[in-house]
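Take a look at the letters that make up each chain.
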Amino acid sequence: MNLVVEVVDAHNLMPKDGEGSSSPFVEVDFNNQRIRTHTIHKNLNPSWNQKLTFHLDDLKSLQSRSIEVSVYNERRSFPERNSLGKVSILCSNTVREGEETLQRFPLEKKWFFSHVRGDISLKIYISPEPTSPPPYPQSPISHNTATATNNTPAAAALSNNPPAAAAVTDNTASPKEPEIKEPVEVKTKTTQHINKQQVFPQPGISVETRPEGAPLTMHQTNPQVHHDNQGDYSLKDTNPNLGERWPLEGGRPGGWMSGDKFTSTYDLVEQMYYLYVRVVKAKDLPPNSISGSCNPYAEVKLGNYKGTTRHFEKKHNPEWNQVFAFAKDKIQSSIVEVFIREKEIVGRDDWIGKVVFDLNEVPTRVPPDSPLAPQWYRLEDRRGEGKVKGEIMLAVWLGTQADEAFTEAWHSDAASVYGEGVFNIRSKVYVSPKLWYLRVNVIEAQDIQPNDKGRHPEAFARVQVGHQVLRTKLCPTRTINPLWNEDLVFVAAEPFEENLVLTVEDRVHQSKDEVLGKITLPLTTFEKRLDHRPVHSRWYNLEKFGFGVLEGDRRKELKFSSRIHLRVCLEGAYHVIDESTMYISDLRPTAKQLWKQPIGILEVGILSAKDLQPMKSKDGRGATDAYCVAKYGQKWVRTRTIIGSFSPKWNEQYTWEVYDPCTVITLGVFDNCHLGGQEKSGAGSARDSRIGKVRIRLSTLEAYRVYTHSYPLLVLHPSGVKKMGELQLAVRFTCLSVTNMIYLYGHPLLPKMHYIHPFTVNQVDNLRYQAMTIVAVRLGRAEPPLRKEVVEYMLDVDSHMWSMRKSKANFFRIMSLLSGMISVGRWFDSVCHWKNPITSVLVHVLFLILIWYPELILPTVFLYMFLIGIWNFRFRPRHPPHMDTRLSWAEAVHPDELDEEFDTFPTSKSWDTVQMRYDRLRSVAGRIQTVVGDIATQGERFQSLLSWRDPRATSLFTAFCLCTAVVLYVTPFRAVALVAGLYMLRHPRFRSKLPSVPSNFFKRLPARTDSML
């Protein structure tokens, strides 16, 4: 039995958006089920025509229940909605379907101080549940299920069938209810489900087609637009089957030999079952009857899948130690065969022997059990009727992706990959190199001998570490003993492979410098400093440029040498910033001795992606070979590459230690373009394409809660923002010490050396770029390499580049912050002008109380903020923030602005395009210049009050100050505050439309604008 509330329309609603309109939606609450309609923007007479369906347990209980219908205005700023009125309807007179009539209800106040008007039209009736089986799959329905349909032509076509809705199933659902076998996609207009008894908010109706075993995904959709609407860019709740559960023996075909068992190692991913075959070695293999030698290799065959080991030349006892993994859901055979073959140069490979295993007899290994011990097996002949000479050592077992052999195994779904591509598809964990700041204090030099003996050198020092080159300023005086005393800071990575190369040079001409001396020092010789205490300086002898290279034997003949005074140290108390400070993931200093204890554990389950876009062409068809990279702190992880799938499933779980909650984990999805053979045709030009990126700030996560969401992968292209797919994650943050967590919130983000001896802004930017370059180079040397384009995308290497879109977005962010102050100002202005007499009277009463008891002012302010915080707790975010296209100004951006954002630096565009963009930038800068000038004008007017630039104005102001001082001395402060407050709150009858006297006086004050050219 269902209760249907059809929301038809509303009339003459109260404008609440500050622009004379509202964006209303309706929320209906019945029996702990809450459903909302879609929002109609900028309309005071909206028409929804939407049916909201509620599950009804018992018809008798309907007599004592009521329906709460609330109308809200949707806002962009906080709070996200405000009330337009409500209606409470008793269910005692509810009729059955076919007897309903249109009823119009006047809206009532939801709160005492609310201002409402208008009415709403509803139809309420009872609809019987269908008894015939539906023509399409349905999910199990619990007692707290709420559905919604839309009264559109598409929905009307399905009116004879059961309602197309996504069911919300709680933990009490019966296990005997039917399962979904072949889900189809059913979409309606945006409708949100809110279940009061659920922890996670349930989004609106959508049941999407999914492969067998995948979780049912419910989200808001639009029937007319699939990818290019705002609703499709939203975060979506998912309900995957997390945790490691093993079915009972005999419960499934294949002989699964374990009972119900849960482990905590892989409890944030869905279990994926694999058949593992480890081929260790063979012995006593017979020689070839013709050649007399043996060139063996092993072949593992399971149905249509076949994997081979490498072959050995002339070896009767080969050792392979190679693992093969076959996905269980793709197994099409009941036996697995392991062959030993001999590699033939000409003709077909000869057959030596084989071993056959029945899958029903294969044991199951459950981590953390020890690895299964391999055993020796005698080889059988071709027909399996007898034994042949030779044995092979094998281990065959059933396991999951939690098995230690999973990462290094050959996978059946990647059988088409060969060569170097086999290593490029494996999952790996990387560690960023340990970075240090190298501070070189170039103090002075002595006895610098110029090449031209008739002139004193104009000297400067040039220091190089790897590819980083910095130089001091020219010595202000021409002398053979120059003094600089400048600090030059570099980035160095352990192990230290580069040397510090310092040269002293003479500026002979504006375009010519001569080297006067040089010294090369290894970085391992320098002291590592852990605080701000200065290190000892040292004198170093300079080699005359040319000696030691061309005339090495004459160095001993030099009785005197130029020398340089240096203070060099490796800074261990700084954090070397290698990523954008807005999305930083690590705040610890370089020196491990200064690290604090971790305050939490971050666990991330990288489940899968879906609806990925084709990134390249294979055999004339679009294809994507996706892998995911996650970066937090110094630890990088890379999942294995799933070949040729637009909905790859990784189900890999990783763990990080958390030292500060105000950090961000970044996850990116990429297309692998190095799968063997491809890099030969394109040489080294092949680059892994970016598919999308997700950021999660840890401070927005509740402790111990598992967040399972599907994140949109959004990428900005020159043609506009594009959704490349969705990434499904399971995230859990575990707090180890609440005390340390609270302690951190009162301390600086960065180590103390960043505040005791801070770097300049230019130094921070340059050092960050150098650090990112070093990290990209070092990770690119791993196996498999984490390539430069991947590292740069994850570290936001181009975040500092100019973009008109970003400038607009930041401007509107500022305006959003100021909107609260503007709203308060408008409210106070309405109070002063008595637009709402009741509110004005209450404000007068509160003002008089505070004047009479001024000691209550501060407690009242803090109590008010406390109450606001408690009230807003109801509307707290239930999911982590994600990429917002509206906030980023990515939907309304002009195509030319996007083209400018993707332009190279320096530009590669034509002169006409550059001129047009320069003129546009000048016009924008002109408006900014005007605003800045107006701000400066107001400040200069304030300064001129006492500067006697206008003698008459300053005389009047000083006389006013004297009179005011006398009055305030003799008058109690309460009386002055009372008079001033009542004057400000006076009735409009006592106000003038002309500007006030202080405003007129201030605007007449002089500024320095008349002195500008």
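Above this text you will find the structure in question.
Residues numbered from 1 in each chain as written. Predicted model: local features only at pLDDT ≥ 70, side-chain atom pairs only at ≥ 80, totals over all residues. Heavy atoms only, no water.

## Some points on the packing of helix α8 (residues 804-832) against helix α9 (residues 837-852)
(1) Moving on: One way to put it is that α8 packs onto α9 with a least axis distance of 8 Å and a crossing angle of 95°. When the axis of α8 is compared with that of α9, the two are roughly perpendicular. Here α8 contributes W827, S830 and V831 to the contact with α9, which in turn contributes T839, S840 and V843.
(2) Moving on: Broken down by class, the residue content of the contact of α8 with α9 amounts to three nonpolar, three polar and no charged. (Axes fitted to C-alpha atoms, helices over the stretch in contact; angles between N-to-C directions. Helix = DSSP H or I, 4+ residues; strand = E, 2+ residues; numbered from the N terminus. Parallel < 35°, antiparallel > 145°, perpendicular 65-115°, else oblique. Contact = heavy atoms within 4.5 Å. Nonpolar A, V, L, I, M, F, W, Y, C, P; charged D, E, K, R; others polar.)

## Here's the deal with the packing of aromatic side chains
(1) Moving on: Applying the stated criterion across every chain, the model contains 19 aromatic pairs.
(2) Moving on: Its guanidinium or amino end placed over the ring of F25, R36 lies 3.9 Å from that ring's centre, counting from NZ or CZ.
(3) Moving on: Directly above the ring of F460 sits R471, whose terminal nitrogen or CZ lies 4.1 Å from the centroid. (Phe/Tyr/Trp six-rings, centres within 6.5 Å; stacked < 30°, edge-to-face > 60°. Lys NZ or Arg CZ within 6 Å of the ring centre and 35° of its normal.)

## A word on the environment of A977
(1) Moving on: Note that A977 resides in helix α14 (residues 973-984).
(2) Moving on: A relative accessible area of 18% means that A977 is categorised as buried.
(3) Moving on: Linking A977 and L848, residues 129 residues apart in sequence, is a C-alpha distance of 9.8 Å.
(4) Moving on: Other than its neighbours up to four places away in sequence, A977 contacts F847 and I851. (Buried < 20%, exposed > 50% of the residue type's maximum accessible area, 1.4 Å probe, protein only.)

## Quick look at the sheet that holds strand β43 (residues 706-717)
(1) Moving on: On the basis of which strands lie adjacent, the open sheet formed by five strands has the order β14-β43-β44-β35-β40 and antiparallel pairing. Strands with a single pairing partner mark the edges of an open sheet, and in this sheet they are β14 (236-237) and β40 (649-658).
(2) Moving on: Strand direction decides the pairing type here: β43 and strand β44 (residues 720-735), joined by twelve bridges, are antiparallel. Among the inter-strand pairings, H709 is bridged to a residue of β44, identified as L729. (Pairing = 2+ DSSP bridges.)

## Describing the nonpolar core
(1) Moving on: Formed by 66 residues in total, the largest nonpolar core has its most connected members in I606, W636, L667 and L727.
(2) Moving on: Among the elements that line this core, the one with the most residues is helix α6 (residues 761-779), at seven residues.
(3) Moving on: Filtering out sequence-adjacent residues up to four positions away, L667 remains in contact with V604, I606, C628, V629, A630, G692, K693, V694, I696, L727, L729 and M794.
(4) Moving on: Of all hydrophobic cores here, the second largest spans 30 residues; its members include L438, W484, L521 and L523. (Core = buried A, V, L, I, M, F, W, Y, C linked by side-chain atoms within 4.5 Å.)

## Things to note about the environment of V491
(1) Moving on: Mapped onto the secondary structure, V491 falls in strand β28 (residues 483-493).
(2) Moving on: Among residues more than four places away in sequence, those in contact with V491 are L435, W436, Y437, Q468, V576, L767, Q770, A771 and I774.

## Details of the packing of α9 against α14
(1) Moving on: Look at α9 against α14: their axes get within 10 Å of each other, and the N-to-C directions meet at 165°. Relative to α14, the element α9 lies roughly antiparallel. By crossing handedness, the relation of α9 to α14 is classed as right-handed. Packed against α9, whose contacting residues are H844, F847, L848, I851 and W852, the element α14 presents R974, A977, L978, G981 and L982 at the interface.
(2) Moving on: Across the contact of α9 with α14, the residue classes tally to seven nonpolar, two polar and one charged. (Left-handed = near helix turned anticlockwise from the far one by under 90°.)

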